[in-house]
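Reading the structure
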Amino acid sequence: MATCVETPCKYVINISQPDLANCSNCTIPAKDCSDAAGDDHWAKIQEEARSDVEEEPVLQNYYFDLILSHNSVESALAAHLANKLCLPNLMPTNSLQELLLSIFSKDPVIGQSVRADLRAARDRDPACAKMVHCFLYHKGFLALQAHRVAHRLWAEGRVAPALLLQSRTSEVFAVDIHPGARIGSGVLLDHATGVVIGKTVVVGEDVSILHGVTLGGTGKERGDRHPKIGDGVLVGAGTQIVGNVEVGEGAKIGAGSVVLRAVPPRTTAVGNPARLVGGTEKPVRLGPL
């Protein structure tokens, strides 16, 4: 298969490769080291990358190109996503990388959300031992960051590049999020394969969504037709939540459930059709949703 080959993007630091295991041979020019050190998340990712290289020297070039040659989360993320989502001979890596970086520089809130998503993976995913592993390998995280850029483009009326990012993200990561969907920070897409999120979906802060989840419409509505997911909600694998229904703060949706009506805050819904299980104050099974 053809690869995306072109001249390096101007945003990538172009320096000779040092001994990555030795902090005195920092891969970032001295004038930028203090800035990187001021970002605890980026400093931690670089520390973890150096640790991995010490344990597995075969990873040295890989980690250098994707992590240690960059001076910020945004720079590394733009390069990483561009390499993943480029289209040979049609959308080369450097063009896509510049597009991503332009959005990151324009909207610092995206950078804050990226870092919150990294923390979410580290704190809530038992399989995530290091933030650098989430950054490099977790396709749910990468798909979500591509969506954040697509959503900004959509909000600016730049529909064509927003849809291009949606399409490529769906093809590469098997995660299909409409660029119109609004997604908060600290979100975990765990495994993520088969996640579908519709245009008018709103997802709150600190939400966890497992693989095979659909936040979609019933096909009978127009306009605002998709679910609204409150802060701190957990949506289990294979769940279908359809229609303009609200899932309240702190609710949990059991794996494989089909939810067609509202779920109150701090309540669990399970089954097909979903039934409510009362919260800690009312631990009783209620009627079908």
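One structure accompanies this document, and this report is about it. (Residues numbered from 1 in each chain as written. Predicted model: local features only at pLDDT ≥ 70, side-chain atom pairs only at ≥ 80, totals over all residues. Heavy atoms only, no water.)

**Notes on the nonpolar core**
Counting 72 residues, the largest nonpolar core has Ile67, Phe135, Leu215 and Ile241 as its most contacted members. Here this core takes eight residues from helix H8 (residues 139-155), the largest share from any one element. (Core = buried A, V, L, I, M, F, W, Y, C linked by side-chain atoms within 4.5 Å. Buried < 20%, exposed > 50% of the residue type's maximum accessible area, 1.4 Å probe, protein only. Helix = DSSP H or I, 4+ residues; strand = E, 2+ residues; numbered from the N terminus.)

**With respect to the sheet that holds strand E10 (residues 240-242)**
Pairing in this open sheet of five strands is parallel, and the strands run E1-E4-E7-E10-E13 from one edge to the other. Taken across any chain shown, the strands that pair with only one partner, and hence form the sheet edges, are strand E1 (175-177) and strand E13 (258-259). (Pairing = 2+ DSSP bridges.)

**A few points about a negative patch on the surface**
A grouping of Glu205, Asp206, Asp231 and Glu249 is seen on the molecular surface, where their side chains present a negatively charged patch. Locating aspartate 206 in the fold gives a position in the loop between strand E5 (202-203) and strand E6 (208-209). (Patch = residues over 30% accessible without salt bridge, like charges linked within 9 Å, V, L, I, M, F, W, Y side chains within 5 Å. Areas by Shrake-Rupley, 256 points an atom, 1.4 Å probe, with all protein chains shown as cover. Salt bridge = Lys/Arg side-chain N within 4 Å of Asp/Glu carboxyl O. Lys, Arg positive; Asp, Glu negative; His and termini not counted. Charge placed at Lys NZ, Arg CZ, Asp CG, Glu CD.)

**Here's the deal with the environment of valine 258**
Position of valine 258 relative to the elements: it lies in strand E13. Sequence-wise, valine 258 and valine 270 are 12 residues apart; in three dimensions their C-alpha atoms are separated by 8.0 Å. Ignoring any residue separated from it by four or fewer positions in sequence, one finds valine 258 in contact with Gln240, Gly271, Asn272, Pro273 and Ala274. (Contact = heavy atoms within 4.5 Å.)

**Comments concerning helix H9 (residues 159-173)**
Compared with the 21 Å implied by 1.5 Å per residue over 15 residues, the 21 Å span of H9 between its first and last C-alpha is a close match. Of the positions making up H9, those classed as buried are Ala162, Leu165, Gln166, Arg168, Thr169 and Phe173. One or two residues past the end of H9 sits alanine 174, with phi positive at roughly 60°. (Expected span 1.5 Å × (residues − 1).)

**Points about empty space enclosed by the protein**
One pass over the structure, following the stated rule, counts one cavity of 30 Å³ or more. Estimated volume of the largest cavity: approximately 40 Å³. When residues of the lining of the largest cavity are traced back to their parent elements, those giving at least two are H9 and E1. Looking at the lining of the largest cavity element by element, the count peaks at three residues for E1. (1 Å grid on protein atoms, 1.4 Å probe; cavity = no way out; pocket = protein on both sides within 12 Å on 5 of 7 lines; lining within 4 Å. Points joined across faces, edges and corners; volume = space filled by probe spheres on them.)

**Looking at the environment of glutamine 60**
Structurally, the position occupied by glutamine 60 is in helix H3 (residues 60-68). Using a relative accessible area of 25% as the deciding quantity, one classes glutamine 60 as partly exposed. For the pair glutamine 60 and alanine 49, spaced 11 residues apart in sequence, the C-alpha separation works out to 9.1 Å.

**Topic: the layout of surface pockets**
Within this model, the second largest pocket holds a volume of roughly 220 Å³. Looking at the second largest pocket, it is lined by 14 residues, and the ones nearest its centre are Val109, Ile110, Arg148, His151 and Ile183. Counting only elements with at least two residues in the lining of the second largest pocket, the list comes to helix H6 (108-124), H8 and strand E2 (182-183). Considering every element that reaches the lining of the second largest pocket, the biggest residue donor is H8, with four residues. Split into classes, the residues belonging to the lining of the second largest pocket amount to four nonpolar, five polar and five charged. (Nonpolar A, V, L, I, M, F, W, Y, C, P; charged D, E, K, R; others polar.)

**Some details on the sheet that holds E5**
Ordered by their spatial adjacency, four strands build an open sheet running E2-E5-E8-E11, and the pairing between neighbours is parallel. At either margin of the open sheet sits one strand with a lone partner, and together these are E2 and strand E11 (246-247). With two bridges connecting them, strand E8 (residues 228-229) and E11 associate as parallel partners. By the bridge assignment, lysine 228 is partnered in E11 with glutamate 246.

**Quick look at helix H5 (residues 93-106)**
In a regular helix each residue adds 1.5 Å, so 14 residues correspond to 20 Å; H5 covers 20 Å between its end C-alpha atoms and thus fits that length. Of all the positions in H5, only Thr93, Asn94, Leu96, Gln97, Leu99, Leu100, Leu101, Ile103 and Phe104 are classed as buried. Looking at the buried positions of H5, the neighbouring elements they touch are helix H4 (73-85), H6, H8 and H9.

**Observations concerning the pattern of salt bridges**
The full count for this structure, using the stated rule, is 12 salt bridges. Residues glutamate 156 and lysine 106 are paired through a salt bridge, measuring 3.2 Å at the closest nitrogen-oxygen approach. Of this pair, glutamate 156 sits in the loop between H8 and H9 while lysine 106 is found in helix H5, placing the two residues 50 residues apart along the sequence. By relative accessible area, which is 30% here, glutamate 156 ends up partly exposed.

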